[in-house]
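Chain residues, written in single-letter form:
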Amino acid sequence: MRAREIATAIGEDVSTPARVETTRGRLKKLAEEGHVIEGPVGWFAIAAGSTTADSGEGTAAAEG
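The following refers to the structure shown. Every value quoted in this text rests on a predicted model; they were computed, and no experiment measured them. (Residues numbered from 1 in each chain as written. Predicted model: local features only at pLDDT ≥ 70, side-chain atom pairs only at ≥ 80, totals over all residues. Heavy atoms only, no water.)

## As for unusual backbone geometry
Link 1 in the chain: Gly39 connects to Pro40 through a cis peptide bond whose omega is -10°.
Link 2 in the chain: Relative to the elements of secondary structure, Pro40 occurs in the loop between strand 1 (36–38) and strand 2 (44–46). (Helix = DSSP H or I, 4+ residues; strand = E, 2+ residues; numbered from the N terminus.)

The following block contains the structure:
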């Protein structure tokens, strides 16, 4: 999905480009953390194996 579509889906005000850019920035950070993937540029998707409960800190629960 494009950043504008995601912003709309999560209830952000997309009437100004700045609000869409805020969502895009969040998506870029999530991509760096491995929660979403970006490709091609500007298109985002949930990364395989990503969960909302996964904080990205440690893997003890997943290993045990």
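Picking up where we left off.
## Concerning the environment of Ile6
Link 1 in the chain: Looking at where Ile6 falls in the secondary structure, it is placed in helix 1 (residues 3–9).
Link 2 in the chain: The exposure class assigned to Ile6 is buried, which follows from its relative accessible area of 15%.
Link 3 in the chain: Measuring from C-alpha to C-alpha, the distance between Ile6 and Val20 comes to 8.9 Å, with 14 residues separating the pair along the chain.
Link 4 in the chain: Leave out the neighbours within four places in its chain, and Ile6 touches Met1, Thr23, Leu27 and Phe44. (Buried < 20%, exposed > 50% of the residue type's maximum accessible area, 1.4 Å probe, protein only. Contact = heavy atoms within 4.5 Å.)

## Considerations on the environment of Leu30
Link 1 in the chain: Take Leu30: it is sitting in helix 2 (residues 17–33).
Link 2 in the chain: Along the backbone, Leu30 and Ala47 are 17 residues apart, and their C-alpha atoms lie at a distance of 9.6 Å.
Link 3 in the chain: Setting aside residues no more than four positions away along its own chain, Leu30 makes contact with His35 and Val36.

## Remarks on the side chain of Thr23
Link 1 in the chain: Relative to the assigned elements, Thr23 resides in helix 2.
Link 2 in the chain: For Thr23, a relative accessible area of 2% gives the class buried.

## With respect to the nonpolar core
Link 1 in the chain: Of all hydrophobic cores here, the largest spans 6 residues; its members are Ala3, Ile6, Val20, Leu27, Val36 and Phe44.
Link 2 in the chain: Within the residue set of this core, elements represented by two or more residues are helix 1 and helix 2.
Link 3 in the chain: The residues touching Phe44, leaving out its near neighbours within four places in the chain, are Met1, Ile6, Leu27, Lys28, Val36, Ile37 and Glu38. (Core = buried A, V, L, I, M, F, W, Y, C linked by side-chain atoms within 4.5 Å.)

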